Amino acid sequence: AEAVVAAGAVLPLTLLLTWGAGAAKKQAASALGALAAASKANRDAVVEAEAVPPLLSLLQVDKAAADGSAAAIEAASALATLLSGDEPLQAAVVAEDGLAAIAALLRDGAAKAAGEALLGAFGACFGPAIAKARR
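Not measured: the values here are computed from a predicted model.

Asker: Describe in detail the overall build of the protein, supporting the description with residues and values.
Answerer: For the protein, the helix and strand inventory stands at 10 helices and zero strands. Moving toward the C terminus, one meets the helices and strands of the protein in the order α-α-α-α-α-α-α-α-α-α. Once local pairs closer than 6 in sequence are excluded, the contacts in the protein between residues at least 24 apart make up 63%. Carbon and sulfur atoms make up 59% of the accessible area of the protein, which totals about 6,700 Å².

Asker: Give me a nonpolar patch on the surface: which residues, what numbers.
Answerer: Taken together, the side chains of L11, L15 and W19 make up a nonpolar region of the molecular surface, amounting to roughly 390 Å² of accessible area. Here W19 shows up in helix α2 (residues 10–19).

Asker: So what about the packing of α2 against helix α3 (residues 22–38)? Which residues, and what values?
Answerer: One way to put it is that α2 packs onto α3 with a least axis distance of 8 Å and a crossing angle of 140°. Compared by their axis directions, α2 and α3 come out oblique. The element α2 and its partner α3 pack so that their crossing is left-handed. Judged by residue contacts, V10, L13, T14, L16, L17 and T18 of α2 engage A24, K25, A28, A29, A31, L32 and L35 from α3. Across the contact of α2 with α3, the residue classes tally to 10 nonpolar, two polar and one charged.

Asker: Would you mind going over helix α4 (residues 40–48) in detail, with residue names and values included?
Answerer: N42, R43 and V46 are the residues of α4 that are buried. Looking down the long axis of α4, one finds its buried residues gathered within 100° of arc, a one-sided arrangement. Opposite its buried face, α4 presents the exposed residues K40, A41 and E48, each directed more than 90 degrees away.

Analysis parameters
- Residues numbered from 1 in each chain as written.
- Predicted model: local features only at pLDDT ≥ 70, side-chain atom pairs only at ≥ 80, totals over all residues.
- Heavy atoms only, no water.
- Helix = DSSP H or I, 4+ residues; strand = E, 2+ residues; numbered from the N terminus.
- Contact = heavy atoms within 4.5 Å.
- Areas by Shrake-Rupley, 256 points an atom, 1.4 Å probe, with all protein chains shown as cover.
- Patch = residues over 30% accessible without salt bridge, like charges linked within 9 Å, V, L, I, M, F, W, Y side chains within 5 Å.
- Salt bridge = Lys/Arg side-chain N within 4 Å of Asp/Glu carboxyl O.
- Axes fitted to C-alpha atoms, helices over the stretch in contact; angles between N-to-C directions.
- Parallel < 35°, antiparallel > 145°, perpendicular 65-115°, else oblique.
- Left-handed = near helix turned anticlockwise from the far one by under 90°.
- Nonpolar A, V, L, I, M, F, W, Y, C, P; charged D, E, K, R; others polar.
- Buried < 20%, exposed > 50% of the residue type's maximum accessible area, 1.4 Å probe, protein only.
- Arc of directions from axis to C-beta.

Given below as C-alpha cells:
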C-alpha cells in the first residue's frame, strides 16, 4: 500500500471520486479506504489529497443506478477509516453539514449498516449531533 501512495496514486483516485463513472467512483472509494487503513501515513496522504469532500458527496445514494448504494457504501467505509480517532477531521465534517449526508444513508435500506458504522467512527463528543442526524 505504501508503494501505491509513494507512486502518487492518491490524487488520481481522489479525482475519480468526482469525475469518474459510477463503477470507477466505487472502486476509487474502496481503494482509498484500503490505502488509509494500511497505515497512518497513507491515511494522512488521503486526507491531504482532500478526498473527504468527494467521499461525502458519494454518500448520496443514486436510486436510478443499478447498484446505486454500492458507491455510497464504499464511501462510507472509507470515511469511517479516515474519521476514526481524528476529532479535528470529525469536527470539520460536522461543520460542513456532513452529518446530513450520513443521515441520508440511514434512510436507505441497503446502505443503513454503512451509515451506522460511519456514525460509529465519530467521537463521543459529537453525541448530540449524531442523535440529531438519526432523527
